[in-house]
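One-letter residues, chain by chain:
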Amino acid sequence: MSTIKGETIATEANGPAIELEGLTKHYGGTAAVENLTLAVPRGTTLGLIGPNGAGKSTTIKMLMGMLTIDAGRARILGLDVSENMPAIKQRIGYVPELHQTYRWMRISELIGFTRSFYKTWNDDVCDSLLDLFGLDRRKKVKQLSKGMLTKVSLLLAVSHEPEVLILDEPMSGLDPLVREEFLDGVLRVVCERQCTVLFSSHALGDVQRMADNVAMLYDGKLLVHCPVDELLSSAKRVRAVLRDGVLPRWQPPETIWQQVQRREWLLTVNPCSPALLDQLQAENPVEHVEVNSVGLEDLFKDYVKGRRGTP
Amino acid sequence: MKIDPNNHVPIFLQIVEQIAASIAAGVFRPGESLPAQRSLAVSLGVNPNTVQKALDELERRGLVVSRRGVGMFVTDRGNESALTQTEEVVAEAFRRGLIAARESNLTGARMMKIFENVLLEMYESRETP
Amino acid sequence: MKALLWKDFRINLPVIITGLLLWFAAYAAIGLNVWLQTWPVFPGRGQWSEVIQIASVGGRALLTIVVGVLGANAIASERAERSTEFLFSLPPTRLKILTSKFLVALTTTILLWLGHQFMSDVVSPWLSANGASVNRVPLLGYTGGLVLIFGSTWLGSARLSSPAFALGGGIALCVAVISVLFEISRRVTWPVPDLVPIGMLVAGITAFLVGSIYYLRRIEP
C-alpha cells in the first residue's frame, strides 16, 4: 500500500496541474462538452478560447465541482474533483464570469469572511493588491462598479496564494484600463509564484499575451491545443491566383478554412510546409502562390468558419 | 519597449527583436544587465514564461549571457550581434515590400526609384533642422 | 463555521428583528387593550397575569409566521441575491453551509419560543395565579405546527428561486398537509391519539429532509 501511496504523491508533485480525461457533459440530448482531454502543465498558462456556447464555461464549472461530470475525469493537482473538492479549493483560486457576491458586505467584511476559510491566507498579498487596485476597504460591495468588483473578485481568489488559478472570462465587459489593471494583478501573482493559470477569454490579444498554450473549443470539442507561438509560426494564410475559369482540384488535408472568389483562392492551413506548397502548386491550376503569417484572431475566426462550413 | 498582442509575430519574437534593437541602439551596453524576467513580464504585460523564452533565444543568438542567480548580461560582442540581428530584421522587411511589389509586377527600375524616394524622404527630414 | 454563522445571521437580521418586534408587539397590544378597558385605573397583578398568558398564546401564533419566513429565507435568499456561486467556490462543503443556515434559524426560533415560555411559565405565575385559568397552547400540537411550517418553507427555499415564492409554496404545502391530516383523523374509526400533531411533526421533518437532500445534490445554474 505504501508504495502505491508514494507513487501517487510523486505523480501529484510532477504531473500536470490540471488534467481532463474524456470529460463529457450533456444537456438533454446535446453535448455541451464532449470527450475533452487536455492537460495544463504546472507553472504554465492555458488560454481557453471558443465562440459562445462552445463549452468553455461548462468545462470550468465541472472543474470547480459546480456541475456534475457525465463521463470522464477531471483532476486538479492530481486530485479527482468529484471526490476531493474541499481539499482542492484550499489550493486553487477562482474568478467567475459574473462577479456576484454579498452586496451588503463591506470590502473589509468580504475579505474577513473569505479569509476565514483558507489556511494559507496571506494578508500581505491581499493588502498589496488592495493598494495596487486602489480599493477602499470601507466601501460596500453594492457601491462598487463592475470593474472594481472584478478586482475584488481577483483579490479574493489569489490572497490564499493558490497553486492554480481558474478564470472564467474574467475581463468580459471591462474597459481597457481596468483590463490592464486586472492583467497586471494576475501577472504579479503568476510572477510571485509558479502559479498555473487556466483562463477562458474572447479577447485573443489577451490570450496571446498571457498564455503559453491555447486550447480552442468548438461545439464542446477540442479543435486545437498547442503552444501559442507554435500555432502562430506553423499556421499560414495562403493566397493563390487561379488560372482563368478553373477551380481548385486538390485541397491540402491541413486546410482549416478556404474561400474562392473570382481568381483568388484563399486558404488557411495548419501546419504549413514547403512540401504542402509544392504539392498545392503541382496539383492545381494556379498562377502564383503567396504565403503570409496569420494572427490569432484571424486564425480563430478561420477555425470557426471552417467548422461551420462543413456539416 | 511595447509589444503588440494582436500582431501575428509570436510575442516572444517581438520581445527578442525589441531587446536586440535596444542593445544595438546602446540602451543596454556590453557587460550591463538586462531587467529581471519578472519585472520585464509585469512591465510588458506578458506571461513570465514568454519572457524567459525570449531571453533564452537572445542567449542562443549570443547577445546575452546568463549568470546563475544574478541575471542576464549583454555579451562583449552583444552590440555587434544585435546590429547583425537588426540588419536581418530590416532585410526581412525589405523582402516583404519586394514581394508586394512583385505581386503587382513592378519592374526592378521602378522598385529602385521607390527605394531612393523613401530614403531621400527620411534623410532630408532628418537633416533639416 | 463562525464566518458562515455570522453571514447567515446578517442575512436573516431583518427577519430576526421583525421576530423580536412581533414578540414585544403581542404583549404590548394585549396589555394596552386591557389597560384601555380599565382606564384610568392601571390593571392589577391578577389581570396582568392573565394578559401575559393570553399574549404568549398570540405571540406563539405570530412566531409560526416568523419561523415560516426564516425557513423560506434560509436558502432562497442567497439564490435571489446571487451569492450562491461565490459561496460554492469557497472551501466549505454544502453540508457546512446548510448546517449554518439551519443553526441560525433554529437558534432564533428557540430563543423567541423560550421568551414566550418564560413569560407564561415564570412571569405570569409570579404575578398571580389568575393566569392559570387561561387556556394554554398544547405543546405537542404547537411544536408539530412549527416543525411543519419550517419544514415546508425550507423545502420551498431549497427548490424555488425567491424567498417570497418559498414562503407561499411552503404555506400552501402546510395547508394541504393539515387538511389531509384532519380528513384522516375524521374518517378513521379506531382511536389514534394526537394523530394531527404527530402527523404534522412527521410531515415537517420529512419536508425538511427532502429539502436538505435536494439542496446538497442540486446543481446551481
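Values in this document were obtained by computation on a predicted structure and should not be read as measured data.

A. Examining the side chain of A:T59 more closely. Residues and elements named next belong to chain A. Assignment of secondary structure puts T59 in helix α2 (residues 56-63). Reaching out from T59, the side chain makes a polar contact with the backbone oxygen of G55 at a distance of 2.6 Å. Those residues in contact with T59 that lie beyond four places of it in its chain are L20, L23, V33, L36 and L217.

B. Geometry of the domain arrangement of chain B. Residue and element names in this part refer to chain B. When the domains of chain B are assigned, the result is domain 1 (11-79) and domain 2 (83-127). For domain 1 and domain 2, the distance between their C-alpha centroids amounts to 29 Å. Taken residue by residue, the interface counts 7 residues in domain 1 and 4 residues in domain 2. For the domain 1 and domain 2 pair, buried surface summed over both sides reaches about 420 Å², with 56% attributable to carbon and sulfur atoms. The largest contributions to the domain 1 side of the interface with domain 2 come from A24, R61 and N79, which together make up 58% of the buried area. In this assembly, domain 1 and domain 2 are joined by 0 salt bridges.

C. Looking closely at the nonpolar core. If you look at the biggest cluster of nonpolar residues, it comprises 135 residues, and the most contacted ones within it are A:L63, A:I76, A:Y102, A:F113 and A:I166. Residue contributions to this core peak at 8 residues, all from helix α2 (residues 45-81) of chain C. Split by domain, the residues of this core number at least three in each of domain 1 (2-228) and domain 2 (236-293) of chain A. Residue contacts for A:I166: discarding those within four places in its chain leaves A:I60, A:L63, A:M64, A:I76, A:I92, A:G93, A:Y94, A:V95 and A:L198.

D. Expanded view of the interface of chain B and chain A. On the chain A side, the residues contacting the 20 residues of chain B number 24 residues. A combined buried area of about 1800 Å² lies between chain B and chain A, and 49% of that area is made up of carbon and sulfur atoms. In terms of surface lost to chain A, no three residues of chain B exceed B:H8, B:V42 and B:E103, which account for 29% of the buried area on that side. At the junction of chain B with chain A, the criterion picks out 1 salt bridge.

E. Spotlight on the packing of aromatic side chains. Following the criterion strictly, the structure yields 20 aromatic pairs over all chains and no others. Pairing C:W23 with C:F24 gives two aromatic rings, centres 5.0 Å apart and planes at 75 degrees, and the pair type is edge-to-face. Relative accessible area serves as the criterion here: at 13%, C:W23 is assigned to the buried category. Seen in terms of ring centroids, C:F102 and C:F150 are 6.0 Å apart; in terms of plane orientation they differ by 50 degrees. Their pairing is tilted. One end of the pair, C:F102, is in helix α4 (residues 94-127); the other, C:F150, is in helix α5 (residues 139-159), with 48 residues separating them in the sequence. Here C:F102 falls in the partly exposed class, since its relative accessible area comes to 24%. Each residue in the set A:Y102, A:W104, A:F113, A:F117, C:W6 and C:F86 is aromatic and connected to the rest through ring pairs, giving one cluster. A cation sits over an aromatic face here: B:K53 above B:F12, 4.5 Å from the ring centre.

F. Examining a nonpolar patch on the surface more closely. Residues and elements named next belong to chain B. The grouping of V90, F94, L98, M112, I114, F115, V118, L119, M122 and Y123 at the surface amounts to a nonpolar patch, some 920 Å² of accessible area in total. When residues in the nonpolar patch are grouped by element, the largest group, 7 residues, is from helix α5 (residues 108-127). Topologically, V118 is positioned in helix α5. Given a relative accessible area of 39%, V118 falls into the partly exposed group.

G. Spotlight on the interface of chain C and chain A. In this assembly, 21 residues from chain C lie in contact with 25 residues from chain A. Together, C:E85, C:F86 and C:P91 form the three largest contributors to the area buried by chain C at its contact with chain A, with a combined 28%. Our count for the contact surface shared by chain C and chain A stands at 1 salt bridge. Put simply, A:E109 and C:R10 hold a salt bridge, and the shortest N to O gap is 3.2 Å. Counting every contact that joins chain C to chain A gives 6 residue pairs in polar contact (both at pLDDT 80 or more). When residues of the side of chain C that touches chain A are traced back to their parent elements, those giving at least two are α1 (2-38), α2 and α3 (84-89) of chain C. The leading source of residues in the side of chain C that touches chain A is α1(C), at 6 residues. Residue composition of the side of chain C that touches chain A, by class: 11 nonpolar, 3 polar and 7 charged.

H. Expanded view of helix α7 (residues 176-192) of chain A. End to end, α7(A) covers 24 Å across 17 residues, agreeing with the expected 24 Å (1.5 Å per residue, within 8%). Sitting at the amino-terminal end of α7(A) is A:D175, which places a side-chain oxygen 3.0 Å from the backbone nitrogen of A:L177.

I. Structural detail: helix α2 (residues 37-44) of chain B. All of the buried residues along α2(B) are B:L40, B:A41 and B:L44. Relative to the axis of α2(B), the buried residues are bounded by an arc of 100 degrees and lie together on one face. Check the buried side of α2(B) and you find it contacts α7 of chain A together with α1 (11-25) and α3 (48-60) of chain B. Just past α2(B), the residue B:G45 takes up positive phi, approximately 70 degrees.

J. Molecular detail of the confidence of the model for chain A. All names here are of chain A. Summing up the model confidence of chain A, the mean pLDDT is 88 and the portion of residues at 70 or higher is 95%. The element-level mean pLDDT for chain A is lowest in helix α1 (residues 2-14), coming to 47, with helix α4 (residues 107-115) highest at 95. Here residues 1-11 is modelled with pLDDT under 50, and outside its nearest four sequence neighbours on either side it reaches 0 contacts, counting other chains as well.

Thresholds applied
- Residues numbered from 1 in each chain as written.
- Chains lettered and ligands numbered in written order.
- Predicted model: local features only at pLDDT ≥ 70, side-chain atom pairs only at ≥ 80, totals over all residues.
- Heavy atoms only, no water.
- Helix = DSSP H or I, 4+ residues; strand = E, 2+ residues; numbered from the N terminus.
- Polar contact = N/O pair within 3.5 Å; in protein donor to acceptor, adjacent residues only side chain to side chain.
- Contact = heavy atoms within 4.5 Å.
- Domains from an automatic or database assignment.
- Buried area = accessible area lost by both parts, 1.4 Å probe.
- Salt bridge = Lys/Arg side-chain N within 4 Å of Asp/Glu carboxyl O.
- Core = buried A, V, L, I, M, F, W, Y, C linked by side-chain atoms within 4.5 Å.
- Buried < 20%, exposed > 50% of the residue type's maximum accessible area, 1.4 Å probe, protein only.
- Phe/Tyr/Trp six-rings, centres within 6.5 Å; stacked < 30°, edge-to-face > 60°.
- Lys NZ or Arg CZ within 6 Å of the ring centre and 35° of its normal.
- Patch = residues over 30% accessible without salt bridge, like charges linked within 9 Å, V, L, I, M, F, W, Y side chains within 5 Å.
- Areas by Shrake-Rupley, 256 points an atom, 1.4 Å probe, with all protein chains shown as cover.
- Nonpolar A, V, L, I, M, F, W, Y, C, P; charged D, E, K, R; others polar.
- Expected span 1.5 Å × (residues − 1).
- Arc of directions from axis to C-beta.
- pLDDT = per-residue confidence, 0-100.

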